[in-house]
Amino acid sequence: MIDLNFLGRSKTKAKLKKTYTEAKVSYLNRIRWAVSMFYFGMGLCFATWASRIPDIKTDLHLSEGDLGSILFALPLGQLVIMPFSGKLVTRFGSHRILIFALLLYVFSMTNLGLAAAAWQLSLGLFVFGIFGNLSNIAVNTQGVYTEVLFKKTIMSSFHGMWSFAGFTGALIGLGMLAFKLTPYIHFVIVAGIVFLMMVFNYKFLIKAKETIKAEKKKLFSKPDSALIWLGIIGFCCMASEGVMFDWSGVYFKDVIKAPGPLVILGYTSFMIMMAGGRFLGDGLIRKFGRKTVLQISGIMISAGLFTAVFFPFVIPATIAFMFVGLGVSTIVPTVYSVAGKNPNVSPSVALTTVSSVSFLGFLMGPPIIGYIAELSSLRFSFAFIGIFGILISLMVSRIKAIE
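The structure presented is a predicted model; accordingly, all values stated were derived computationally and were not measured. (Residues numbered from 1 in each chain as written. Predicted model: local features only at pLDDT ≥ 70, side-chain atom pairs only at ≥ 80, totals over all residues. Heavy atoms only, no water.)

### A word on helix 16 (residues 378-396)
Argument step 1. The end-to-end C-alpha distance of helix 16, which contains 19 residues, comes to 28 Å, matching closely the 27 Å that a straight helix rising 1.5 Å per residue would cover.
Argument step 2. Along helix 16, the positions that sit buried rather than exposed are Leu378, Ser381, Phe382, Ala383, Ile385, Gly386, Phe388, Gly389, Ile392, Ser393, Met395 and Val396. (Helix = DSSP H or I, 4+ residues; strand = E, 2+ residues; numbered from the N terminus. Expected span 1.5 Å × (residues − 1). Buried < 20%, exposed > 50% of the residue type's maximum accessible area, 1.4 Å probe, protein only.)

Given below as structure tokens:
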């Protein structure tokens, strides 16, 4: 099998200045807050786009199949820049790349609101994906540096901020719909908010000196079977998560027939529970164990999606999407945690293998939904994704590494 760690053929070591390592707790907390705000800004941009997908679909007169094809442009942009993101961050510094990429990420988001044809939306999403991936690599590098300074695990709180931003973005979207503002005006307002966040926090990003040590590695290698199974679990979860991001609003508008601003109620309920689950997940795992939490999470994903399919009404569907949000919240972080402790493979190689397989689910899920909906119906396509939750529960019981 082709080695998926194509970006890991060099080891990057960052040296943090004494200014940071010997800093007071108050200053370290300010750094943590600044990095959290950049996570929040990224999540707010993505949620803002997702909250207006139904309106843009209607304005451009797109079918489910058309939208599915167009949505594929975003992950395609992410894939194109992926081989270069790490090198750019290492060469120019994560703090510089983060500021540059997030500014362009925000600008490309506003351009999505100007799309007057399908090809323009596709091109806009492609560019949106490029700067989204570059921002993602840079902000997570900042997260790693901050975690080193605190000498304890705080990465989950950063990702919790991203999810909280998704919830905030949904609420803002609800208000914009209530005032009947166009997607472009909506996007410009959010762009202004994110820009102000950057102005007040960019000075507190960590500036680290990085050195690169080359490391030879074979192109072909046989990955650990446990990592592949963990990757498949992540694939199923991220496919479900991607579908909820891109299609929950469309489902509420076209299937549930939710009136007016209630169109984004499903997306909002999903984001609330996903964010809450990520902040509470560590405690649940300590109390009940990884395997139990993951099995219940898989069942919740399936139960939520099937409920939305069989009871296509506002209240049942809203509760159903809450179940899906809670279900997906802990799966990927837990899978990454288990993979990083694999005794046969180094943590970096293990995480790269698992995240690469998992990310395919996020890429393929939304377009597949569009194609299935075009051939049958949107309800049937959601039922198809609902099977993934059952598969997660079954696979978790077969992996010994998950306790």
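Still to come is the rest of the account.
### Thoughts on unusual backbone geometry
Argument step 1. Despite not being glycine, Lys180 shows a phi value in the positive range, around 60 degrees.
Argument step 2. Take Lys180: it is sitting in the loop between helix 8 (155-178) and helix 9 (183-201).
Argument step 3. Phi angles above zero are rare outside glycine, and Lys257 is one such case at about 60 degrees.
Argument step 4. Its location among the elements puts Lys257 in the loop between helix 10 (225-254) and helix 11 (265-288).
Argument step 5. Here Lys257 falls in the exposed class, since its relative accessible area comes to 60%.

### Notes on the environment of Thr141
Argument step 1. Among the secondary structure elements, Thr141 is positioned in helix 7 (residues 118-150).
Argument step 2. Taking C-alpha positions, Thr141 is 9.4 Å from Gly93, a pair spaced 48 residues apart along the chain.

### A look at a nonpolar patch on the surface
Argument step 1. Together, Leu114, Tyr184, Ile185, Val188, Ile189 and Ile193 line one region of the surface with nonpolar side chains, adding up to about 450 Å² of accessible area.
Argument step 2. In this structure, Ile185 sits in helix 9. (Patch = residues over 30% accessible without salt bridge, like charges linked within 9 Å, V, L, I, M, F, W, Y side chains within 5 Å. Areas by Shrake-Rupley, 256 points an atom, 1.4 Å probe, with all protein chains shown as cover. Salt bridge = Lys/Arg side-chain N within 4 Å of Asp/Glu carboxyl O.)

### Looking at the packing of aromatic side chains
Argument step 1. Applying the stated criterion across every chain, the model contains 11 aromatic pairs.
Argument step 2. Connected via pairs of aromatic rings, a cluster forms that spans Tyr251, Phe252, Phe321 and Phe382.
Argument step 3. The ring of Phe204 has Arg30 sitting right over it, with the charged end atom 4.0 Å from the ring centre.
Argument step 4. Over the ring of Phe150 we find Arg32, and its NZ or CZ is 5.5 Å from the ring centre. (Phe/Tyr/Trp six-rings, centres within 6.5 Å; stacked < 30°, edge-to-face > 60°. Lys NZ or Arg CZ within 6 Å of the ring centre and 35° of its normal.)

### Thoughts on the pattern of salt bridges
Once their charged atoms are close, side chains differing in charge can pair, the charge on each being opposite to the other.
Argument step 1. Applying the stated criterion across every chain yields a total of three salt bridges.
Argument step 2. In this structure, Asp55 engages Arg52 in a salt bridge whose closest nitrogen and oxygen atoms are separated by 3.2 Å.
Argument step 3. Residue Arg52 is classed as buried on the basis of its relative accessible area of 3%.
Argument step 4. Salt-bridge contacts for Asp254 lead to Lys57; the nearest nitrogen and oxygen are separated by 3.3 Å. Separated by 197 residues along the polypeptide, Asp254 in helix 10 and Lys57 in helix 3 (residues 53-59) bring together distant segments of the chain.
Argument step 5. For Asp254, a relative accessible area of 28% gives the class partly exposed.

### Some remarks on the nonpolar core
As a rule of thumb, nonpolar side chains are buried together in soluble globular proteins.
Argument step 1. Grouped together as the largest cluster of nonpolar side chains are 111 residues, with contacts concentrated most on Trp49, Leu121, Leu125 and Phe382.
Argument step 2. Contact partners of Trp49, with chain neighbours within four places excluded, come to Ile56, Leu71, Leu74, Leu112, Leu121, Leu125, Phe128, Phe187 and Asp246. (Core = buried A, V, L, I, M, F, W, Y, C linked by side-chain atoms within 4.5 Å. Contact = heavy atoms within 4.5 Å.)

### Examining the side chain of Thr110
Argument step 1. If you trace the backbone, Thr110 turns up in helix 6 (residues 94-112).
Argument step 2. Aside from chain neighbours lying at most four places away, what touches Thr110 is Tyr184, Phe187, Val188 and Ala191.

### Digging into helix 9
Argument step 1. Its 19 residues give helix 9 an end-to-end C-alpha distance of 27 Å, which sits within 8% of 27 Å, the value for a rise of 1.5 Å per residue.
Argument step 2. By the burial criterion, the buried members of helix 9 are Pro183, His186, Phe187, Val190, Ala191, Val194, Met197, Met198 and Asn201. Seen end-on, helix 9 carries its buried residues on one side only, within an arc spanning 130 degrees. (Arc of directions from axis to C-beta.)

### Comments concerning the packing of helix 11 against helix 13 (residues 314-329)
Argument step 1. For the pair helix 11 and helix 13, interaxial distance at closest approach is 7 Å and the crossing angle is 30 degrees. Taken together, helix 11 and helix 13 sit at an angle that is classed as roughly parallel. Crossing handedness for the pair helix 11 and helix 13: right-handed. Here Leu265, Gly266, Ser269, Phe270, Met273, Met274, Gly277 and Arg278 of helix 11 come into contact with helix 13, specifically with Val314, Thr318, Phe321, Met322, Val324, Gly325, Leu326, Val328 and Ser329.
Argument step 2. By residue class, the composition of the contact of helix 11 with helix 13 is 10 nonpolar, six polar and one charged. (Axes fitted to C-alpha atoms, helices over the stretch in contact; angles between N-to-C directions. Parallel < 35°, antiparallel > 145°, perpendicular 65-115°, else oblique. Left-handed = near helix turned anticlockwise from the far one by under 90°. Nonpolar A, V, L, I, M, F, W, Y, C, P; charged D, E, K, R; others polar.)

### As for the side chain of Ser36
Argument step 1. Mapped onto the fold, Ser36 is located in helix 2 (residues 25-51).
Argument step 2. Given a relative accessible area of 7%, Ser36 falls into the buried group.

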